[in-house]
Amino acid sequence: MTDFLLVLASGITAGSSYALMGLAMVIIYKTSGVVNFAQGEMGLISAYITFMMLDYYGFGYLATFFWAFVFALFLGALMEFAILRRAKDPSVLGLMIITIGLEMILLGLVSWKFGADPKDMPFPISPFESIELVENIYISVLEVLTIGVATAVMLILFLFFRFSKLGVAMKAVQQNPMAAKLMGISTNRVLMITWSISSFVGALAALLIAPANMGPFMMWDPLLKGFAAAVMGGMTSLGGAVVGAYIVGIIENFFGTFISIEFKSVVAFSIIVIMLCVKPSGLFGRHYVKKV
Amino acid sequence: MDMKRDYYEDIELFPGWVEKFWFFLLLVFLGAFPFISNNYLIYVANFMAINIIVALGLNILVGYTGQISLGHAGFFAIGAFATFTLMQKASFPFLLALPAAALISAIFGFLIALPALRLEGPYLAIATLGFGLTITQVIGMIDLFGGRTGLHAPELLIGPWELKTDLDLYFLLVPLTIGLIIIARNLTRTRVGRAFIAIRDAEIAAETMGVNLIFYKTLAFAISAFYTGLAGGLYAFVLRFIEPEIFGLYMSIVFLTMVVVGGLGSIFGSIAGAMLLSWLDLELRNILDIPYLGNWLKDLSREYFSITGVSNIQYIVFGGILVLIMLFEPHGIYGFWIRTKKYWKTWPF
Amino acid sequence: MKKLVLNCLFSITLMLGLSFSAYAGDGITDKEIHIGSWGPQTGPAAPWGTISRGSDAYFKMINKKGGINGRQIVFHHFDDGYNPARTKAGVKQLQEGETPMFAFVGGVGTSPGLAVVDYLMDAKVPWIGPATASEHWVNPPKKYLFTNYAPYYKEAMVLTKYAVETMKKKRIAVVYQNDDYGKGGLKGVRMQLEKNGMKPVLELPMEVKDTDMKPYIFKLKKADVDAVVLWISVGQAVRTIGTAKAMQLSPQFFGTSTVSDFPLMFKISKGLWKGVITASFNEPPESTSPLMMEYKEAFKQFASKDERWGTFFIAGFMFAEPLVEALKRIPHDELTRERLVLELEGLKNFQGIGAVTSYKKFDVKDPRSRQGTNAVYLTECLDNGANKKLTDWIELD
């Protein structure tokens, strides 16, 4: 029983960081239909800005985090405003390739500036200290924080989309951009804000990953897993992405622990393929019928 | 004047003498190329030829049928490993092993098409991506394929000739690539090709017109995997050494990028995209040796960035080129070509 | 008509644009020796690229002192991003260009190396000191390939022997990267434990991209291990030890030479690296031997300001030492590739900052004719990344 709980706890903690990445991807996909491969690297650059402020210039934590988040919001807006909006006759694939290009640019910038060596990110709490939840079940403080942040972000986003004017406008843009425009919603501005929020969530994820493992390639795995989680949950559903992330994390941990550790990193994808056979739009995605 | 009056005119390979002349010139150039260049450029040309084959195959899937794939490195790996294994362990001759490997790859393409039938967009992307990641993992587990250590090239014999140098491979690859281009071009203009395009443009409409969705979608996957598997088998001989880790996600992404940057649904686009990206892939590492620019970049690095990471400019340039092409020309290089052609045709108006 | 003229013009420019091929020499002129190398400066393996930058500083130092027997060394190294196709392209470009390379030195990575080894050997170009301890280089030995890096399995054997015989560890587990590198380590642990009549308690393969270490620690904890040999990458090693700490598992950790850069490891693990024992193949960064002081001077002079005086940078010197030593022994007028091979074969008990290195006359059946050394020494990480040498150079059969 302890084993079971322990592995479950591991799965949930792993799932939390996937959940943040998944959420970030879903927010953008929901409103603009773009699969954003630059998501991880947008978070990465925010994390490195944080690192630079803390380590090179010795700012305090509060000021640093504040400015890092401002930067993340600005970066998201900039991406949308300066690049994606400028695309001529955008197609879904074309936009995806643009995000892949952006991913390379951001990754290149970070590696160019900071080199390839792993870094030691200063952080108020140690990633390697742990607390005992139940008897013999330890969970690190950073992971507790990650779970807390993931839950909070999910709740806030849920409330935001449900009750705030802006959130409802975003939903409108997603469902029918033309009609939303006619109703007086500035779709461009809504898209820009969406990218900002998504970049912010991505930066949160990166900041929570960085203390334990910081290097230019730290966001690859979380991005893939986040993407997988989002697809599992249905790509258009915020709750779905979170549930998907926890499912991926838990499956990975159980499979890795009890069946085959060699296939741990790919098992999630196999499960997703099987799941997609049954539900082609993910667990919570609505399967809409295409009109001819 | 340019109007077509006959169906046969439409399906002709070379519509006029200008095209014939150009094709002849191209053949002369390709034949003369190895004798006026060095071994390195021949290697690059071989690399390009292989990527062209992959891009053709992937374009049939992505450009013509409208199905996305982020797992083509998987088919590529299957082709490579199957070719080597069939030759080494089952002592197949090369000319039999290569098509056999491509066929195995096509079977995998067919299998992956079954769950893919109902999927689209990001769902299909993640399913194919999962396939690509899993297949290299599986190959790495099996000792027959050399495990994680990989395999070395067996002797490449075609009849009495042994193909060893880049030059030998060049004379194998170029005719093969031209043949495959012509096959792909013809395929897209037959009943099958038109069915693919109909599926891409409107699945339901195509179905009501009598296009068998299941058949044609799986066929598209199989043909695409066949091309990619074939290219994989040849790639293994160009590199002369393969191991599973080579066929990673990055490779799949580059393949997809080739097709989109070249121009979806265009044979010319596949060729141009594959050539451009393979050239960038191999040549960008020399960016710091360009006179003036290289030194300027180094000074810039010293001042604001780090000199140890200066090579990462490659990524920035590569990504920048992708972004710029897609921003200004959604139809990729093919779009540029069409626009230039139009401009000159109507010049000076 | 206009079209035709345009067409012709275009094709002529195409023809003229191509360069004509150059002659193939042997990479030496009266004043210069051309040496080639490669190392990933980009991509996930980029931390290893430091090695070729280290060699660069080494050759610059030699040139400043007047070169070797009247010749300056021109060092060409390129970034391959750990992508074998690019390694092959780069090596060919160097080799087929105007002046081919006289020899290659260093060169990071098993699969990049395997992609070019046949090409280099067929062209009879010597390759000295591959910067990867793969068994493939000397199995079977190749006439033009000389290595001075003990294979991973020998390293693993020394570590395991120390764990079993000196530290009296009973339950030893291996966590290895699931590729050629990791499996080398696994093989060594198995071999040595077998000699001691034991077996690894647990063998856990890890994928390069894996970031979630909990299942590993869970299994290690279940198996009640008292020593873990880590044959994984730098980042993963830190995560593994960190996760172990968080999950209250504290066995003795052993690591390979690739995680022996203690100042870095100590820093990025936030101090957890203290107490880890690793193998090492060259003198530690803080060594004050005369040779190391000389190299450090070169580092200060020639390395860029953001370079770090770490193990990999020093390794760049180490891998090039036998080549330089052999070149020094050849008079100006007698320098050829064959002579270099002969001179290397005559290298006996040579020691720079690495282990004692000797080669023998080429013998296909004897790997030791090309494997210069099998020795490593063990060292322990102390506070702030200082190190304590635990053993002298050890070589096991």
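Conventions we followed
- Residues numbered from 1 in each chain as written.
- Chains lettered and ligands numbered in written order.
- Predicted model: local features only at pLDDT ≥ 70, side-chain atom pairs only at ≥ 80, totals over all residues.
- Helix = DSSP H or I, 4+ residues; strand = E, 2+ residues; numbered from the N terminus.
- Rg over C-alpha atoms; globule rule 2.2 N^0.38 Å.
- Buried ≥ 20, exposed ≤ 12 C-beta atoms within 10 Å, placed from the backbone.
- Contact = placed C-beta atoms within 7 Å.
- Core = buried A, V, L, I, M, F, W, Y, C linked by C-beta atoms within 7 Å.
- Axes fitted to C-alpha atoms, helices over the stretch in contact; angles between N-to-C directions.
- Parallel < 35°, antiparallel > 145°, perpendicular 65-115°, else oblique.
- Left-handed = near helix turned anticlockwise from the far one by under 90°.
- Pairing = 2+ DSSP bridges.
- Right-handed = clockwise from strand over helix to strand, strands pointing away.
- Domains from an automatic or database assignment.
- Expected span 1.5 Å × (residues − 1).
- Nonpolar A, V, L, I, M, F, W, Y, C, P; charged D, E, K, R; others polar.
- Arc of directions from axis to C-beta.
- pLDDT = per-residue confidence, 0-100.

Participant: What is the right way to look at the overall build of chain B in this model?
Facilitator: Secondary structure summary: chain B contains 15 helices and four strands in total. On C-alpha atoms alone, chain B measures out to a radius of gyration of 21 Å, which is about the 20 Å that the 2.2 N^0.38 rule sets for 349 residues. Seen along its three principal axes, the alpha-carbon backbone of chain B occupies a region of about 60 × 60 × 45 Å. Every one of the 349 residues in chain B was classed for burial, and the buried ones make up 53%.

Participant: I'm lost on the overall build of chain A in this one. Help?
Facilitator: When helices and strands are counted, chain A shows 11 helices and two strands. N-terminal to C-terminal, the α/β element order of chain A is α-α-α-α-β-β-α-α-α-α-α-α-α. A globule of 292 residues ought to have a C-alpha radius of gyration of about 19 Å, and chain A, at 19 Å, matches this closely. Expressed as lengths along the three principal axes of its C-alpha atoms, the size of chain A is roughly 60 × 50 × 35 Å. Counting every position in chain A, which comprises 292 residues, the buried fraction comes to 58%. Residue pairs in contact within chain A that sit at least 24 positions apart in sequence constitute 73% of those at least 6 positions apart.

Participant: It is not clear to me how the nonpolar core should be interpreted in this structure. Could you clarify?
Facilitator: Across soluble globular proteins, you tend to see nonpolar side chains buried next to one another. Counting 341 residues, the largest nonpolar core has Leu23 and Ala228 of chain A together with Ala103 and Val175 of chain C as the members making the most contacts within it. Broken down by element, the residue count for this core peaks at 20 residues, all from helix H3 (residues 39–64) of chain B. Not counting the four nearest positions on each side in its chain, Leu23 of chain A is found in contact with Val153, Met154, Leu157, Val201, Leu238, Ala241 and Val242 of chain A.

Participant: Mind showing me how you'd approach the packing of helix H9 (residues 220–233) of chain A against helix H11 (residues 264–278) of chain A here?
Facilitator: A pair of packed helices can be characterised by two numbers: the angle between their axes and the separation between those axes. Residues and elements named next belong to chain A. One can describe the packing of H9 onto H11 by two numbers: an axis separation of 10 Å at closest approach and a directional angle of 20 degrees. Our classification of the angle between H9 and H11 gives roughly parallel. Seen from above, H9 lies across H11 with left-handed handedness. From H9, Lys225, Ala228, Val231 and Met232 reach across to H11, where they touch Ala268, Phe269, Ile272 and Met275.

Participant: How do you make sense of the interface of chain A and chain C when you look at a structure like this?
Facilitator: In many analyses, interface size is given as the accessible surface area lost on bringing the parts together. On the side of chain C, 33 residues touch chain A, which itself brings 31 residues to the contact. Of all elements in the fold, only helix H1 (2–32), strand E2 (137–140), H9, helix H10 (238–259) and H11 of chain A reach the threshold of two or more residues within the side of chain A that touches chain C.

Participant: When you look at the pairing of strand E7 (residues 202–206) of chain C in this model, what are you seeing that I'm missing?
Facilitator: Look at any regular strand and the pattern is simple: side chains alternate between the two faces of the sheet. Residues and elements named next belong to chain C. As defined by bridge partners, strand E6 (residues 172–177) adjoins E7 across five bridges and the pair is classed as parallel. Note that in E7 the partner of Ala173 across the bridge is Leu202. Of the crossover connections in this fold, the one passing from E6 over helix H6 (residues 180–195) to the parallel E7 is right-handed.

Participant: Before we go on, may I ask you to explain the domain arrangement of chain B in this structure?
Facilitator: According to the domain assignment, chain B contains domain 1 (1–32) and domain 2 (37–346). Taking the mean C-alpha position of each, domain 1 of chain B and domain 2 of chain B sit 26 Å from one another.

Participant: I'm lost on the sheet that holds strand E2 (residues 72–78) of chain C in this one. Help?
Facilitator: Sheets are built from strands paired through backbone hydrogen bonds, the pairs being either parallel or antiparallel. Residues and elements named next belong to chain C. The sheet built from five strands is open, its strands ordered E2-E1-E3-E4-E5 with parallel pairing. Each having just a single partner strand, E2 and strand E5 (145–146) make up the two edges of the open sheet. As paired strands, strand E3 (residues 103–105) and strand E4 (residues 127–128) are joined by two bridges and run parallel to one another. Within E4, the residue paired with Val105 across the bridge is Ile128. Running over the sheet, helix H11 (residues 311–328) touches E3, E4 and E5 and is turned about 150 degrees from E3.

Participant: What's the story with the sheet that holds E6 of chain C in this structure? I'm lost.
Facilitator: Residues and elements named next belong to chain C. If you trace the seven strands from one edge of the open sheet to the other, you get E7-E6-E8-E9-E10-E11-E12, paired in mixed fashion. Of all the strands in the sheet, just E7 and strand E12 (387–389) have a single pairing partner and so form its edges. Each strand axis lies, on average, 25 degrees off the axis of its neighbour in the sheet, ignoring direction. Note: strand E11 (residues 377–381) against E12, three bridges, orientation antiparallel. Pairing of Cys381 across the sheet is with Asn387, part of E12. Sheet strands in contact with helix H5 (residues 152–166) are E6, strand E8 (227–231), strand E9 (252–255), strand E10 (277–280) and E11, and its direction is about 170 degrees off that of E8. Taken strand by strand, H6 contacts E6, E7 and E8, and its axis lies near 160 degrees from that of E6.

Participant: Hey, could you run me through the packing of H9 of chain A against helix H6 (residues 121–141) of chain B in this one?
Facilitator: Interhelical geometry of H9 of chain A versus H6 of chain B gives an angle of 130 degrees and a closest axis separation of 10 Å. The pairing of H9 of chain A with H6 of chain B is recorded here as oblique in orientation. Note on packing geometry: the crossing formed by H9 of chain A with H6 of chain B is left-handed. Where H9 of chain A approaches H6 of chain B, its residues Phe227, Ala228 and Val231 of chain A are matched on the opposing element by Pro122, Tyr123 and Ile126 of chain B.

Participant: When you look at helix H5 (residues 141–163) of chain A in this model, what are you seeing that I'm missing?
Facilitator: One turn of an α-helix holds 3.6 residues; hence residues three or four places apart share an orientation. Residue and element names in this part refer to chain A. With 23 residues, H5 ought to run about 33 Å at 1.5 Å a step, and its terminal C-alpha atoms sit 33 Å apart, in line with that. Listed as buried for H5 are Leu142, Glu143, Thr146, Ala150, Val153, Met154 and Leu157. Buried-residue contacts for H5 involve H1, E2, helix H8 (187–209) and H10.

Participant: Looking at this structure, I do not really get the interface of chain A and chain B. What am I missing?
Facilitator: Opposite the 47 residues of chain A that make contact, chain B presents 43 residues. Residue assignment for the side of chain A that touches chain B shows that the elements contributing at least two residues are helix H4 (92–114), H9 and H11 of chain A. Top contributing element to the side of chain A that touches chain B by residue count: H4 of chain A, with 18 residues. Residues belonging to the side of chain A that touches chain B are distributed by class as follows: 31 nonpolar, nine polar and seven charged.

Participant: Even after reading the chapter, I still don't get helix H12 (residues 337–345) of chain C, so can you show me in this structure?
Facilitator: All names here are of chain C. Inspection of H12 places Leu340, Val341, Glu343 and Leu344 among the buried residues, and these make up the whole buried set. Looking straight down H12, one finds that the buried residues subtend no more than 165 degrees of arc, so they occupy a single side. Where H12 is buried, its residues meet E3, E5 and H11.

Participant: What am I meant to see in unusual backbone geometry here?
Facilitator: Across residues other than glycine, the phi torsion is negative in most instances, and most of the peptide bonds are trans. Residue and element names in this part refer to chain C. Geometrically, the link from Asn139 to Pro140 is a cis peptide bond, its omega value of 0 degrees lying close to zero. By secondary structure assignment, the location of Pro140 is in the loop between E4 and E5. Even without being glycine, Lys168 reaches a positive phi, approximately 60 degrees. Along the chain, Lys168 turns up in the loop between H5 and E6. According to the C-beta neighbour criterion, Lys168 is exposed, with 9 such atoms within 10 Å. One non-glycine residue, Asn384, adopts positive backbone phi at about 60 degrees. Along the chain, Asn384 falls in the loop between E11 and E12. When the 11 C-beta atoms within 10 Å are taken as the criterion, Asn384 is described as exposed.

Participant: Sorry, what's going on with the environment of Pro140 of chain C here?
Facilitator: Residue classification places Pro140 of chain C among the exposed positions, given that 12 C-beta atoms sit within 10 Å. In this structure the C-alpha to C-alpha distance between Pro140 of chain C and Val108 of chain C, which are 32 residues apart in sequence, comes to 20 Å.

Participant: Would you take a moment to explain the environment of Met247 of chain C for this structure?
Facilitator: Mapping Met247 of chain C onto the fold places it in the loop between helix H8 (234–246) and E9. For Met247 of chain C and Lys221 of chain C, which are 26 residues apart along the polypeptide, the C-alpha to C-alpha distance reads 8.8 Å. With near-sequence residues (within four places) excluded, Met247 of chain C lies in contact with Ser130 and Tyr138 of chain A together with Ile217 and Lys221 of chain C.

Participant: What's the story with the confidence of the model for chain A in this structure? I'm lost.
Facilitator: Low pLDDT means the predicted coordinates in that region are not meant to be read closely. When the pLDDT values of chain A are averaged, the result is 89; 98% of them are 70 or greater. Mean pLDDT across the secondary structure elements of chain A bottoms out at strand E1 (residues 130–134) of chain A, with 81, and peaks at helix H3 (residues 61–83) of chain A, with 94.

Participant: Would you mind showing me how to read the pairing of E1 of chain A here?
Facilitator: Of the strand pairs in this sheet, E1 of chain A and E2 of chain A are connected by four bridges, and their pairing is antiparallel. Note that in E2 of chain A the partner of Ser130 of chain A across the bridge is Ser140 of chain A.

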